Amino acid sequence: MSETDNPAVGAPAAGAPTAGALTVGGPTPGGSSAAALEENLWPATARLDRDGVLRVGGVRVDELAAEFGTPAFVLDEADFRARCAAWRRAFSDCDVYYAGKAFLCRAVARWVDEEGLNLDVCTGGELAVARSVGFPAGRLLFHGNNKSVAELRAAVAYGVGRIVVDSFAEIDRLAAVAAEAGVRQRVLVRVTPGVEAHTHSYVSTGQEDQKFGFSLAGGAAAEAVERVLAAGSLELVGLHAHIGSQIFDTAGFGLAAHRMVGLLARVRDTHDLELPELDLGGGLGIAYTSEDAPLEVADVAERLTAVVGKECAAAGLAVPRLGVEPGRAVVGPTTVTLYEVGTVKELPGLRTFVSVDGGMSDNIRTALYDARYTARLVSRAGSAAAHVVTLVGRHCESGDVVAHDVPLPDDVRPGDLVAVPASGAYHRSMASNYNHVTRPPVVAVRDGAARLIVRRETEEDLLRLDIDPADQAGAAVAP
Ligand SMILES: *Cc1c(COP(=O)(O)O)cnc(C)c1O
């Protein structure tokens with residue numbers, strides 16, 4: 001569920017510089033420091049104009065800033081759609097669920113539908129977004145370790161294709177809700193296979209100790225299967241596992257697949273029933289800096305289908321229909337956050353702080369996971385020499401860092417635009433109103449045109465939920 005499924009997310013790279021005003025660039029012929037965009041970090045359509053201005057989706061970011069203000073999330077729609085298509089292709093004959101918690105709004109739900117992906121939601125709120133665009137109910141999957149009865153009722157009423165049951169209490173609750181609605185609800189059982197996925201390695205113990213799902217090793221998963229089978233209003237269609245996030249190694253997926261097929265075989269042996277579906281969750285990592293080397297979707301697909309095929313053959317099982325749930329890997333790389341520089345504070349011999357007009361309210365990942373990011377000047381070429389700075393936000397916390405150790409041209413100044421790539425997943429969806437800052441808009445760009453898909457919050461939006469006792473005086477009930 002949570003991105004924190006993996007405690008190793010965003011661990012600092014060994015040998016990364018930590019402080020100081022290092023000069024990392026020398027003069028280049030022509031005096032321009034608008035070095036090429038790093039590969040794999042920027043949205044697919046990102047380009048630099050001759051004057052050093054970044055274009056995404058064919059639109060210059062200086063024009064975007066003028067029209068929509070800053071900070072703003074700029075989402076490359078063509079890249080998003082192409083990534084959906086790549087997952088569809090790589091996992092043909094599988095169910096690909098886009099994990100909406102990474103970033104969901106109505107436009108995104110429509111694109112996901114149009115590109116033929118299914119959608120995974122994990123709250124009634126995410127379900128409401130899907131419902132509001134008429135997302136086909138049968139292609140929805142509903143997760144969560146503590147879904148409320150109201151959420152379960154809403155999901156059953158809408159006809160959500162699959163609900164992933166996460167606890168014994170929930171099996172009882174959902175069985176009652178489905179019975180009350182007079183339907184037979186399809187469910188998957190969430191299993192914790194005892195695989196802990198780290199950024200670059202995995203260990204096979206320890207991950208039992210978490211809030212999600214039923215332990216495989218402890219026998220709870222087998223018992224959950226039995227209880228779902230005993231509930232007349234539930235139809236068990238398969239098993240589910242999600243081993244973590246920001247994974248760069250297929251070994252963890254392979255081990256999880258191996259164990260899950262083992263459980264499918266035990267279910268067959270115990271209940272004389274071959275479950276038709278196996279969902280292996282999400283978690284494929286992306287590049288936040290050039291230190292990260294993400295896996296290719298096609299390679300992951302090949303590895304997973306090979307492992308499952310081989311294990312099923314060994315167990316004498318028909319190969320189940322596989323499911324996967326990419327969130328970050330679909331939306332993360334499609335988006336840049338556009339900020340305007342407000343102040344530059346140089347502490348000679350120590351560090352330079354460059355402050356932008358957003359921060360932990362639009363990117364909590366740096367503070368929460370010590371995640372690493374890069375950034376670049378995108379409104380002009382800048383001087384040839386660069387220095388390593390700390391890019392900070394505008395919030396009242398010294399931990400309000402957008403990106404550590406970012407090389408920026410040493411003439412960076414107020415009014416410049418700076419962009420942070422790979423900020424499509426778990427940025428806008430985790431954004432807050434800390435310090436009563438209004439949350440940034442999301443602007444979709446495509447073929448030279450920009451379109452608002454989530455508008456900027458206003459102070460009026462903030463005050464709308466805030467009840468002034470003075471307005472209530474007449475209505476107050478005396479004690
Ligand atoms: C978070 C989550 C995902 C998506 O994870 P990513 O790292 O964004 O791919 C998929 N499935 C479940 C159950 C999750 O909790």
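In the annotation of an unreviewed UniProt entry, the entry for the protein chain reads Diaminopimelate decarboxylase, and the organism field reads Frankia alni. Per UniProt, the protein chain has the following entry under Cofactor (unreviewed entry): "pyridoxal 5'-phosphate". Within the UniProt record for the protein chain, the comment given under Sequence similarities (unreviewed entry) is "Belongs to the Orn/Lys/Arg decarboxylase class-II family. LysA subfamily."

*Asks:* Looking at this structure, how should I read the environment of Val74?
*Replies:* As for its placement among the helices and strands, Val74 is situated in strand S4 (residues 72-76). The class of Val74 is buried, set by a relative accessible area of 1%. Distance from Val74 to Arg451, taken between C-alpha atoms, is 9.8 Å for residues 377 residues apart in sequence. What Val74 contacts, discounting residues up to four positions off in sequence, is Val56, Leu64, Thr334, Thr335, Val336, Leu338, Val443 and Val445.

*Asks:* Help me understand the pairing of strand S20 (residues 401-409), please; the structure alone is not making it clear to me.
*Replies:* Regular strands show a simple pattern: their side chains alternate between the two faces of the sheet. S20 sits mainly inside the fold: seven of its nine residues count as buried. One ladder, built from six bridges, connects strand S19 (residues 386-392) with S20; its direction is antiparallel. Counted as the bridge partner of Val389 is Val406 from S20.

*Asks:* So what exactly am I meant to see when it comes to the nonpolar core here?
*Replies:* Nonpolar side chains tend toward joint burial in soluble globular proteins. Counting 109 residues, the largest nonpolar core has Phe80, Phe91, Tyr98, Val108, Val189, Leu239 and Leu391 as the members making the most contacts within it. Here this core gathers at least three residues from each of two domains, domain 1 (32-74 + 333-455) and domain 2 (143-326). What Val108 contacts, discounting residues up to four positions off in sequence, is Leu75, Phe80, Tyr98 and Phe103.

*Asks:* What am I meant to see in the environment of His404 here?
*Replies:* Note on placement: His404 falls in strand S20. Here the alpha-carbon distance between His404 and Ala375, two residues 29 residues apart in the chain, equals 9.6 Å. Sequence-distant contacts of His404, that is, excluding residues within four places in its chain, are made with Thr366, Asp370, Arg372, Tyr373 and Val389.

*Asks:* Whenever I open this one, the sheet that holds strand S1 (residues 47-48) confuses me. Can you help?
*Replies:* Picture the strands of a sheet paired through backbone hydrogen bonds; they go either parallel or antiparallel. Here we have three strands laid out as an open sheet, ordered S1-S2-S3, and antiparallel in their pairing. Strands at the two margins of the open sheet, each flanked by one partner only, are S1 and strand S3 (59-60). Looking at chain direction, S1 and strand S2 (residues 54-56) are connected through two bridges and run antiparallel. Paired with Leu48 across the two strands is Leu54, which belongs to S2.

Criteria and cut-off values
- Residues numbered from 1 in each chain as written.
- Predicted model: local features only at pLDDT ≥ 70, side-chain atom pairs only at ≥ 80, totals over all residues.
- Heavy atoms only, no water.
- UniProt positions renumbered as here; feature names shortened; annotations may be inferred.
- Helix = DSSP H or I, 4+ residues; strand = E, 2+ residues; numbered from the N terminus.
- Buried < 20%, exposed > 50% of the residue type's maximum accessible area, 1.4 Å probe, protein only.
- Contact = heavy atoms within 4.5 Å.
- Pairing = 2+ DSSP bridges.
- Core = buried A, V, L, I, M, F, W, Y, C linked by side-chain atoms within 4.5 Å.
- Domains from an automatic or database assignment.

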